[in-house]
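# Coordinate analysis (summary)
Listed below, chain by chain, are the residues.
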Amino acid sequence: MMGMSTFEEVQESLMPAILGGDLRGVQRALGAGAIPSEYHMIRAVESGIPAMADAVQKAGLFDLATIRDESNSPVALAVGTSGEPVMVDWAIDQGVLMDVEDERGNTPAHDLMIDIGSSVGIEGADARGADMLLRLRELGVDLNQPNADGERPIETLQSVARMDITGDPEATLADLFPDIVAYMDSIGAGLDDGPVEVAE
């Protein structure tokens, strides 16, 4: 019949809709029988659109605390890559705890620092990171907790941040991320020895 799509066509339409931020396209694909995978769920959270993540979650009934794609989890993406506080609220509404650790002992604060560290020079990244750290602390995340390698979140930021992007060999972590460093210092979770040059 004309206008009917095969299951394969419907299934194949789901990912482009998610990646394109097309909520109506996602809803159409799911309504026509597309079956989301964990990869679809990860990408939906990464979109930063709660309604999209909600539609995919309801269709797939995923355990958001346990699914992973490479090194990303929905918690890491809600906190870091999406950068949208509304996605943190969405994850909490889904029953995801924010004080969880991954297999490397990274907390959501570590995940945020990994994302922010790769955002050197992106306007607003420092302020967004400081705001998200405040939100995580309000949710009970220990911003000073070391991961399995003994690295605290601020040290993760230091190890991830790349001074060569700035072109300034004298750049310090405080130069690159003044809001984050000031906030972490204010709560006693800063660098022990004051400003330290960003690792090459």
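About the cut-offs
- Residues numbered from 1 in each chain as written.
- Predicted model: local features only at pLDDT ≥ 70, side-chain atom pairs only at ≥ 80, totals over all residues.
- Heavy atoms only, no water.
- Helix = DSSP H or I, 4+ residues; strand = E, 2+ residues; numbered from the N terminus.
- Buried < 20%, exposed > 50% of the residue type's maximum accessible area, 1.4 Å probe, protein only.
- Contact = heavy atoms within 4.5 Å.
- Axes fitted to C-alpha atoms, helices over the stretch in contact; angles between N-to-C directions.
- Parallel < 35°, antiparallel > 145°, perpendicular 65-115°, else oblique.
- Left-handed = near helix turned anticlockwise from the far one by under 90°.
- Nonpolar A, V, L, I, M, F, W, Y, C, P; charged D, E, K, R; others polar.
- pLDDT = per-residue confidence, 0-100.
- Core = buried A, V, L, I, M, F, W, Y, C linked by side-chain atoms within 4.5 Å.
- Salt bridge = Lys/Arg side-chain N within 4 Å of Asp/Glu carboxyl O.

What follows is about the overall build of the protein chain. The helix and strand tally for the protein chain stands at 11 helices and zero strands. Counting only residues that meet the buried cut, the protein chain has 45% of its 200 residues in that class. The long-range share in the protein chain, meaning contacts at least 24 apart out of those at least 6 apart in sequence, stands at 68%.

What follows concerns the packing of helix α1 (residues 7-19) against helix α3 (residues 38-46). Interaxial distance between α1 and α3 falls to 9 Å at its minimum, and their mutual angle equals 20 degrees. When the axes of α1 and α3 are compared, the pair comes out roughly parallel. Like other packed secondary-structure pairs, α1 and α3 cross with a definite hand, here left-handed. When α1 is examined against α3, the residues Gln11, Leu14, Met15, Ile18 and Leu19 are found in contact with a partner set consisting of Tyr39, His40, Arg43 and Ala44. Among the residues making up the contact of α1 with α3, the classes are represented as six nonpolar, two polar and one charged.

Of all residues in the protein chain, 84% have pLDDT values of 70 or greater, and the mean over the chain is 82. Mean pLDDT in the protein chain bottoms out at helix α5 (residues 74-81), which sits at 69, and peaks at helix α2 (residues 23-31), which reaches 96. Low pLDDT, under 50, characterises residues 193-200; the stretch is placed with 23 contacts to residues that sit more than four places away or in other chains.

Here His40 lies in helix α3. Beyond its immediate sequence surroundings of up to four residues, His40 is in contact with Gln11, Leu14, Met15, Ile18, Ile35 and Val56.

This part is about the nonpolar core. Residues Met41 and Ile180 are the most contacted members of the largest nonpolar core, which totals 54 residues. Residue contributions to this core peak at five residues, all from α1. Setting aside residues up to four positions removed in sequence, Met41 forms contacts with Ala53, Val56, Gln57, Phe62, Leu64, Ile67 and Trp90.

In this model, Leu61 sits at a positive phi of 50 degrees, which is unusual for a non-glycine residue. By the element assignment, Leu61 lies in the loop between α4 (50-60) and α5. Taking relative accessible area as the criterion, Leu61 reaches 71% and is therefore assigned exposed.

Turning our attention to the environment of Pro16. Structurally, Pro16 is set in helix α1. As a C-alpha pair, Pro16 and Val26 span 10 residues in sequence and 8.7 Å in three-dimensional space.

In this structure the tally under the stated criterion is seven salt bridges. In this structure, Arg135 and Asp89 form a salt bridge, with 2.2 Å as the shortest nitrogen-oxygen distance. Here the residue Arg135 occupies a position in helix α8 (residues 125-138), and Asp89 occupies one in helix α6 (residues 85-93), the gap between them amounting to 46 residues. Judged by its relative accessible area of 23%, Arg135 falls in the partly exposed class.

At a closest axis distance of 8 Å, the pairing of α3 and α4 adopts a crossing angle of 165 degrees. One element, α3, and the other, α4, form an angle in the roughly antiparallel class. Of the two elements, α3 crosses α4, and the hand of that crossing is left-handed. Contacts between α3 and α4 pair His40, Met41, Ala44 and Val45 from the former with Met52, Ala53, Val56 and Gln57 from the latter. Partitioning the contact of α3 with α4 into residue classes produces six nonpolar, two polar and no charged.

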